Amino acid sequence: NSGSSNGKNNNCKNIIAEKKIWITTVLLVFNPGVLMLDHVHFQYNGMLLGWLLLSIGCLVRGCMSSSSSNGMISYEIIGAALYASLLSMKHLYLTLAPLYLIYLFRWVCVEEYIIPTSDNSDGKQQKLQQRKLRLAVGKFALLALVTLFFFVTPFVPFFLSPPSALDQLSQMLKRLFPFGRGLVHDYWAANVWAVYLFADKVLTFLCRKITPLGRFTGNFIPLPVISPAVSTVCLLLGMIPAFYCAWNVAANSTTLSLSKTTTVTKKKDDTVDEIFIGDEKQNTFFVRAVVYCSFTGFMFSYHCHEKAIMTSIIPLTLLSTTSREDASLFLRTSTLGHFGLLPLLFRPAEAMLKFFICVAFLSLAVFLLEHCIAEGEENKVAEVDTVTSKFPDGICGSNMCGLLRPMDKAGLVVLCCLFAYMEIIHPLFMRPKNAMEFLPLLATSVICAIGLVGCWLRSLVLMIRCVQSPPLFVKEEGNASKKKKE
């Protein structure tokens, strides 16, 4: 019976895993953000996001197969080359560079070795093992060479024209980093700076109304102006948790690569020494780190564009089928992020198009993810029940709550009302009078920013929990320990 139950569980796991792949593919292909940006707005974001997914996939595959110890050319080197070429095509992904650098350097270029030592402090000789680190010069040189080759090669034609090389490069840097354009676009991206500027506007208005006349002269600004240096410092400080976790995870990559589902056997006397219930959290760390760093870049970058949120939504799609919390985070982030892109399609003829594709995608995502997550949880509960007749914390009872909580439903109502104001009320009643022309964009930015800040903090919590939470074990003491002694 135990053999047949294990076989059924393995078949169920394979079926669920295949369903997750198809669901993730559907959510990626039919993403309304990519549809609006690439096929209605402009640019080629879909190709670049696909390039990012290829790089992430190589690093995750390397973590699962431990390929870094088998040869010099590995998934990690390929992933680094893909990211370097991606960065040379669009500087939007520059915020991920420190994460790639720290993660790959600790994982590929730093090796651990054990030195046997002895301790005679208490009069008895004890054998000890001391771990030390050393730099793998060959792997470091290969990683640096490959990365620099793919990053520098696109700039070679500029260096081959000496008279105007410096002028062309300086013009390129000015266009890539337009610090002179201000902290935000005319349409604020839904990030921390949108909330900051909104608070500044409110405080300025209140001070002018409440403060006696003549107390302030000139243009009074309650909050300090954010410079590019301050924005960069905030960006790097926000990424510190990801850097710290990436270094620790890369240091334990050998252990983490083994955190897969193992076969669970039940003894004849109904006792179990140690049961490992498959934990896939640690294998997905790098995806979570990419999501968080992309989120942080969107939140704090200087002169950030609203479409930069896609660099978080697309990688987050890979995690949407792993757990109920990840699915809920994906639905919130994608809904708010896609709504923030709607003003890019400003023609009246596009109103119904952008509304229905977002509603259709949200309905499809809720339907697919709800069934996928529920089926995966039922399989986990069945597996634990057949072995220990116990339900560990975190599995039993998680089906009681849906993916859309009451707060999410209230947020959807707010977004629907805002959309009606943007597309119907304001054009009919306020635009002819030239009254409050900036109000629709202001409301969209601030409302989406408040929700996305919460999603950003939630992604931080899930990333840290992924590193800190140990694999789930169920231990039974009793007859099993006696058998070990015998």
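Reading the values: the criteria
- Residues numbered from 1 in each chain as written.
- Predicted model: local features only at pLDDT ≥ 70, side-chain atom pairs only at ≥ 80, totals over all residues.
- Heavy atoms only, no water.
- Helix = DSSP H or I, 4+ residues; strand = E, 2+ residues; numbered from the N terminus.
- Buried < 20%, exposed > 50% of the residue type's maximum accessible area, 1.4 Å probe, protein only.
- Contact = heavy atoms within 4.5 Å.
- Areas by Shrake-Rupley, 256 points an atom, 1.4 Å probe, with all protein chains shown as cover.
- Polar contact = N/O pair within 3.5 Å; in protein donor to acceptor, adjacent residues only side chain to side chain.
- Axes fitted to C-alpha atoms, helices over the stretch in contact; angles between N-to-C directions.
- Parallel < 35°, antiparallel > 145°, perpendicular 65-115°, else oblique.
- Left-handed = near helix turned anticlockwise from the far one by under 90°.
- Nonpolar A, V, L, I, M, F, W, Y, C, P; charged D, E, K, R; others polar.
- Phe/Tyr/Trp six-rings, centres within 6.5 Å; stacked < 30°, edge-to-face > 60°.
- Lys NZ or Arg CZ within 6 Å of the ring centre and 35° of its normal.
- Core = buried A, V, L, I, M, F, W, Y, C linked by side-chain atoms within 4.5 Å.
- Expected span 1.5 Å × (residues − 1).
- Arc of directions from axis to C-beta.
- pLDDT = per-residue confidence, 0-100.
- Salt bridge = Lys/Arg side-chain N within 4 Å of Asp/Glu carboxyl O.

Draft legend 1. Structural view of the overall build of the chain. Helix and strand counts for the chain stand at 18 helices and four strands. Of all 486 residues assigned to the chain, the portion counted as buried reaches 43%. Within the chain, contacts between residues at least 6 apart in sequence are counted, and of these 74% link residues at least 24 apart. When the accessible surface of the chain is summed, it comes to about 26,200 Å², and 65% of that surface belongs to carbon and sulfur atoms.

Draft legend 2. Here's a closer look at the environment of Ser323. Here Ser323 shows up in the loop between α13 (310–319) and α14 (324–341). In this structure, the C-alpha to C-alpha distance between Ser323 and Glu377, residues 54 residues apart in sequence, is 8.6 Å. A distance of 2.7 Å separates polar atoms of two side chains, one belonging to Ser323 and the other to Asp326.

Draft legend 3. Representation of the packing of helix α5 (residues 97–109) against helix α12 (residues 285–300). Viewed as axis vectors pointing N to C, α5 and α12 meet at an angle of 155°, and their least axial separation amounts to 10 Å. The pairing of α5 with α12 is recorded here as roughly antiparallel in orientation. When the axes of α5 and α12 are compared, the crossing they make is right-handed. Together, Leu99, Tyr100 and Tyr103 of α5 and Phe285, Phe286, Ala289, Val290 and Cys293 of α12 make up the contact between the two elements. Here the residues of the contact of α5 with α12 are counted per class, giving eight nonpolar, no polar and no charged.

Draft legend 4. Geometry of the packing of aromatic side chains. Applying the stated criterion to the full structure yields 19 aromatic pairs. Between Tyr83 and Tyr100, the aromatic rings sit 4.1 Å apart at their centres with planes inclined by 10°, giving stacked as the arrangement. Here Tyr100 lies in helix α5 and Tyr83 lies in helix α4 (residues 75–89), a separation of 17 residues in the sequence. Tyr83 gets classed as buried once you look at its relative accessible area, which sits at 6%. In this structure, Arg106 packs its charged tip against the face of Trp247, placed 5.4 Å from the ring centre.

Draft legend 5. The arrangement of the nonpolar core in detail. Tyr100, Tyr103, Phe285 and Phe330 are the most contacted members of the largest nonpolar core, which has 107 residues in total. Ignoring any residue separated from it by four or fewer positions in sequence, one finds Tyr100 in contact with Leu52, Ser55, Ile56, Leu59, Gly79, Tyr83, Phe105 and Phe286.

Draft legend 6. Representation of helix α6 (residues 137–152) in the model. With 16 residues, α6 should cover 22 Å at 1.5 Å per step; its first-to-last C-alpha distance of 22 Å lies within 8% of that length. Along α6, the residues that are buried comprise Lys139, Leu142, Leu143 and Val146. The arc that holds every buried residue of α6, seen down its axis, measures 95°, which confines them to one face. For α6, the exposed residues lying more than 90 degrees away from the buried face are Val137, Leu145 and Leu148.

Draft legend 7. Highlighting the confidence of the model for the chain. Of the residues in the chain, 75% have a pLDDT of 70 or more, and the chain-wide mean is 80. A low-confidence stretch, residues 67–72 stays under pLDDT 50, and its non-local contacts, those more than four residues away or across chains, total 13 contacts. Contacts of residues 254–279 to residues separated by more than four positions or lying in other chains number 59 contacts, the stretch itself having pLDDT below 50.

Draft legend 8. The arrangement of unusual backbone geometry in detail. Of note, the phi angle at Asn434 is positive, near 55°, even though the residue is not glycine. With respect to the helices and strands, the residue Asn434 is situated in the loop between α16 (406–430) and α17 (439–468). Not every positive phi belongs to a glycine, and Met436 is a case in point at roughly 50°. Structurally, the position occupied by Met436 is in the loop between α16 and α17.

Draft legend 9. Molecular detail of the pattern of salt bridges. Within the structure shown, the criterion is met by 10 salt bridges. With its nearest N and O atoms 3.4 Å apart, the salt bridge here joins Arg324 to Glu370. Taken together, the residues Arg324 in helix α14 and Glu370 in helix α15 (residues 351–388) connect sequence positions 46 residues apart. The class for Arg324 is buried, based on a relative accessible area of 6%.

Draft legend 10. Seen up close, the environment of Ala374. Structurally, Ala374 is set in helix α15. Relative accessible area serves as the criterion here: at 18%, Ala374 is assigned to the buried category. Placed 50 residues apart in sequence, Ala374 and Arg324 show a C-alpha to C-alpha distance of 8.5 Å.

Draft legend 11. The packing of α14 against α16, seen in detail. Running from N to C, α14 and α16 point in directions that differ by 10°, and their axes come no closer than 12 Å. In this view, α14 runs roughly parallel relative to α16, as classed from their interaxial angle. Contacts between α14 and α16 involve Arg332, Thr335, Leu336 and Phe339 from the former and Met407, Asp408, Leu412, Leu415, Leu418, Phe419 and Met422 from the latter. A class-by-class count of the residues in the contact of α14 with α16 yields eight nonpolar, one polar and two charged.

Draft legend 12. Fine view of the side chain of Thr296. Within the element layout of this structure, Thr296 appears in helix α12. Apart from residues no more than four positions distant in its own chain, Thr296 is found in contact with Leu235, Gly238, Met239 and Trp456.

Draft legend 13. Quick peek at the environment of Cys58. Within the secondary structure layout, Cys58 lies in helix α3 (residues 45–65). Remark: the alpha-carbon pair of Cys58 and Tyr75, spanning 17 residues in sequence, is separated by 5.0 Å.

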